[in-house]
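Reading the structure
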Number of protein chains: 2
Amino acid sequence: MSTLLSRAEELDAEDPLAHTRKRFLLPDGVTYLDGNSLGPVPVGVPGAMDDAVRGQWGEGLVRSWPDWMRLPLELGDRIGRLLGAGTGNTVVGDSTSVQIFNALASAARLRPGRGVLLTDVDHFPTDQYLADSVGRLLGLTVRRVPAAEFGDHLRVSGGEVAVVACPAVDYRTGQLWDIAEVTAAAHRAGAVVVWDLCHAVGALPLELDAADVDLAVGCTYKYLNGGPGAPAFIYVNPRHQDRLDQPLTGWLGHAEPFSTTGTYRPAPGVARAVIGTPPVLSTVALQAALDVYEGVSMDAVRTKSLSLTGFFMGCVDELLAEWGFAVVTPRRGARRGSQVALRHPDAYGLVQALLRRRVIGDMRPPDLLRFGFNALYLTHQDVYAAVRELRAAVTAGEQHDPGLARRSPFG
Amino acid sequence: MSTLLSRAEELDAEDPLAHTRKRFLLPDGVTYLDGNSLGPVPVGVPGAMDDAVRGQWGEGLVRSWPDWMRLPLELGDRIGRLLGAGTGNTVVGDSTSVQIFNALASAARLRPGRGVLLTDVDHFPTDQYLADSVGRLLGLTVRRVPAAEFGDHLRVSGGEVAVVACPAVDYRTGQLWDIAEVTAAAHRAGAVVVWDLCHAVGALPLELDAADVDLAVGCTYKYLNGGPGAPAFIYVNPRHQDRLDQPLTGWLGHAEPFSTTGTYRPAPGVARAVIGTPPVLSTVALQAALDVYEGVSMDAVRTKSLSLTGFFMGCVDELLAEWGFAVVTPRRGARRGSQVALRHPDAYGLVQALLRRRVIGDMRPPDLLRFGFNALYLTHQDVYAAVRELRAAVTAGEQHDPGLARRSPFG
């Protein structure tokens, strides 16, 4: 054990991102490995919210709208930097579910005459629900195949595929897809691809423009720390922007938002992907949250993230393997995102026991413990502490304690 | 003039809602007649937001989700009280545009085999855009007719109408529709009706259950003061709830939100109308904002609202008629909402000139000045002051001042 702790201390001592931890308000004594579900509060958020409420809203009233109306594009561009997207390719707004719907339907309309929406059989459930809904509305068959069969499927049956929809990082296993490779395979088949970046954005470098990705959607409350239910974003490849034909034709995507003609005329460029009135207070929190990425290179984030997840797996091998834990996440760095999933039959009870020990992770039924690692605020010593507590919990059989509250999978 | 001022003072002296003004943080020296666009900050909001950011999010982190997940239904029920809706008929979430889309599409699916979506030719532009979008997706023809012709149209051609979509209060003229009468006419024709309550909720009593309204949608940032871009709501008649078949099948409307099967199974009751992750910070602001309605009867709000709008029209008649202003809003109380529109060729310049005089209203192109009256914080003396300033501005020809900034219609 002490060897692992010494190793953690060494790794932390040479961590070039050690200085970014103070950009967050982390609760005392808590080890937070659930930032892949909800990031903690960035230090600038409380002040920004108070200014938004008392100043912009309270004093400015409707006079603040000209500034607020710019937020979807302004924050889109700031997130675009993390996506490898040029300015004018990304907008922020609405919930992830809504953006997925709009993206899938818009993508399908780019390929009229093709009848299949191809998606990962293990895609996030919401993505699957919305794929079925879009398929029903637009007359597409939704075909679910395992990740490993995507390439073959596109080669053999690609001619009928309109849309390929997949996650950049699997929400359960943490497996990282090869965005450039799958995008190229989809394009060879003549399809357009919609990436769900929820578990990737802010966690690792992305190169959407370079990979010629068609459309992408992601949330901002996980690694981006935008706050609970912070607005989602959508990326639209410049070559599709002026043909984007979305079903959610809200007033703020109109060429003239204050037009009174009653006929929808989409704005030029990515602005048409804006839908309705932005949830300003939630958006302002995101605006302040994005400051934590200032001056940070995504390559540095990735390097540390791989170090954290690799060290975590090493600790698990050494301290937990004998207790029935199996690492589900790919061992090879290039194949994983920034989370690690462990399989254990008592996953639910163990996550609850950990919570009582002030280590926050989460679980996904039936048997996965899931831990997310945000390089901006976690240390290798946090990682070590989490594994030590998990070992202490399982050693004491705490997962069987009938006093553990039955709660939601959020913990 | 002094007679009008005396009358204002008398009316204010006997105002049973005088005590609710202190429930708002109004900027000093500003007369705010744009609460029909964005309500001011309720006094409890800054503290609630700080608690939400530092406490619920900052300290609670993901552990706060069980509480946050209840907000869409909890706030739906609180708004339901203002709608004349029983508990379990209303949920809060997403933008108004998104809710309109979901409501129109769900309504159309309740009447398969009918091919027309009937809407007001003067309906709010976003509602018209989304009617066209839904019509295109579901194969319905969108037919636009003037409000005055709705009854005749439904009598003659009602058999082909699936959905009737109209505003409770016209956003430009302030005309109040007869919700019960139009709903009954739609039902006689076999159609379902979707009301847009954006300019009605919080401004006047509504009786959705009693009128057997099918579906209704509204925003919460106007008379309800929920903050810029606060989440919208949707009302679903209990007899439709278990057949509601919405296109936006997000995870939080699922019977088991944490299910991992990838197949959408809607929650029982109104909970299925919830879509994705709620924008929690914006939702918490709304939660605190709704407190201003505690202990307030909507009949008292309506009585005072009619007094304010009636007094405003009286002041306009006396002080502004000679300057080319015409009242567009119905004179008869039962036919108007809580706003008054004036027609004047210099509407744009006049609203800007008023703004410089610290009276905030807004305008809608090409020639309408629009003033909203929230009975919870406005006085008859405010009304008088606004008309006095408008007269001073027009008398001095300030609307032609080239120094007035060209800004958005928000002012």
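Quick caveat: nothing in here was measured; it's all calculated off a predicted structure.

**What about the sheet that holds strand β15 (residues 368–372) of chain A?**
Residue and element names in this part refer to chain A. Taken together, 4 strands build an open sheet; the order of strands is β11-β12-β15-β14 and the sheet is antiparallel. In this open sheet, the two strands that pair with only one neighbour each are β11 (326–327) and β14 (362–364). As paired elements, β11 and strand β12 (residues 339–343) share 2 bridges and run antiparallel to each other. The residue bridging Ala326 from the neighbouring strand is Arg343, located in β12. Sheet contacts for helix α12 (residues 347–356): β14 and β15; angle to β15, the most-contacted strand, approximately 40°.

**Here's the deal with the packing of helix α2 (residues 45–59) of chain A against helix α2 (residues 45–59) of chain B**
Relative to each other, α2 of chain A and α2 of chain B sit at 165°, their axes nearing to 10 Å. In terms of their interaxial angle, α2 of chain A and α2 of chain B are classed as roughly antiparallel. α2 of chain A and α2 of chain B meet at a crossing whose hand is right-handed. Contact residues: Val45, Pro46, Met49, Val53, Arg54 and Trp57 of chain A in α2 of chain A; Val45, Pro46, Met49, Val53, Arg54 and Trp57 of chain B in α2 of chain B. The residue inventory of the contact of α2 of chain A with α2 of chain B, partitioned by class, reads 10 nonpolar, no polar and 2 charged.

**A word on the pairing of strand β10 (residues 233–236) of chain A**
Residue and element names in this part refer to chain A. By the alternation rule, side chains of β10 split into Phe233 and Tyr235 and Ile234 and Val236, which are all buried. With 3 bridges connecting them, strand β4 (residues 90–92) and β10 associate as antiparallel partners. Directly across from Thr90, in β10, lies its bridge partner Tyr235. Pairing geometry for strand β9 (residues 215–218) and β10, over 4 bridges, is antiparallel. Counted as the bridge partner of Leu215 is Val236 from β10.

**Some details on the interface of chain A and chain B**
If you look at the interface, chain A gives 80 residues, while chain B gives 80 residues. On the surface where chain A and chain B come into contact, there are 2 salt bridges. Residue Arg136 of chain B pairs with Asp245 of chain A through a salt bridge whose shortest N-O separation is 2.4 Å. Joining chain A to chain B, the criterion identifies 19 residue pairs in polar contact (both at pLDDT 80 or more).

**Looking at the UniProt feature "modified residue: N6-(pyridoxal phosphate)lysine" (unreviewed entry) in chain A**
Residues and elements named next belong to chain A. Here the UniProt feature "modified residue: N6-(pyridoxal phosphate)lysine" (unreviewed entry) sits at Lys222. Mapped onto the fold, Lys222 is located in the loop between β9 and β10. The class of Lys222 is buried, set by a relative accessible area of 11%. In contact with Lys222, other than residues within four places in its own chain, are Gly35, Asn36, Ser37, Leu38, Gly39, Cys198 and His199.

**Section: the nonpolar core**
If you look at soluble globular proteins, the nonpolar side chains tend to sit buried side by side. Grouped together as the largest cluster of nonpolar side chains are 299 residues, with contacts concentrated most on Val164, Trp195 and Leu342 of chain A together with Val164 and Trp195 of chain B. Contacts of Val164 of chain B, omitting those with residues within four sequence positions, involve Leu118, Phe150, Leu154, Val182, Ala186, Ala191, Val192, Val193 and Val194 of chain B.

**A few points about the side chain of Asp94 of chain B**
In this fold, Asp94 of chain B is placed in the loop between β4 (90–92) and α4 (96–109). We note that Asp94 of chain B is buried and unpaired, the nearest opposite charge coming from Arg272 of chain B at a distance of 15 Å. Looking at Asp94 of chain B, its side chain comes within polar contact range of the side chain of Ser95 of chain A, at 3.2 Å.

**What to know about the environment of Ser133 of chain A**
Looking at the element boundaries, Ser133 of chain A is found in helix α6 (residues 125–138). For Ser133 of chain A, a relative accessible area of 6% corresponds to the buried category. Among the polar contacts listed, one links the side chain of Ser133 of chain A to the backbone oxygen of Pro247 of chain B, at a separation of 2.5 Å.

What counts as what
- Residues numbered from 1 in each chain as written.
- Chains lettered and ligands numbered in written order.
- Predicted model: local features only at pLDDT ≥ 70, side-chain atom pairs only at ≥ 80, totals over all residues.
- Heavy atoms only, no water.
- Pairing = 2+ DSSP bridges.
- Helix = DSSP H or I, 4+ residues; strand = E, 2+ residues; numbered from the N terminus.
- Contact = heavy atoms within 4.5 Å.
- Axes fitted to C-alpha atoms, helices over the stretch in contact; angles between N-to-C directions.
- Parallel < 35°, antiparallel > 145°, perpendicular 65-115°, else oblique.
- Left-handed = near helix turned anticlockwise from the far one by under 90°.
- Nonpolar A, V, L, I, M, F, W, Y, C, P; charged D, E, K, R; others polar.
- Buried < 20%, exposed > 50% of the residue type's maximum accessible area, 1.4 Å probe, protein only.
- Salt bridge = Lys/Arg side-chain N within 4 Å of Asp/Glu carboxyl O.
- Polar contact = N/O pair within 3.5 Å; in protein donor to acceptor, adjacent residues only side chain to side chain.
- UniProt positions renumbered as here; feature names shortened; annotations may be inferred.
- Core = buried A, V, L, I, M, F, W, Y, C linked by side-chain atoms within 4.5 Å.
- Lys, Arg positive; Asp, Glu negative; His and termini not counted.

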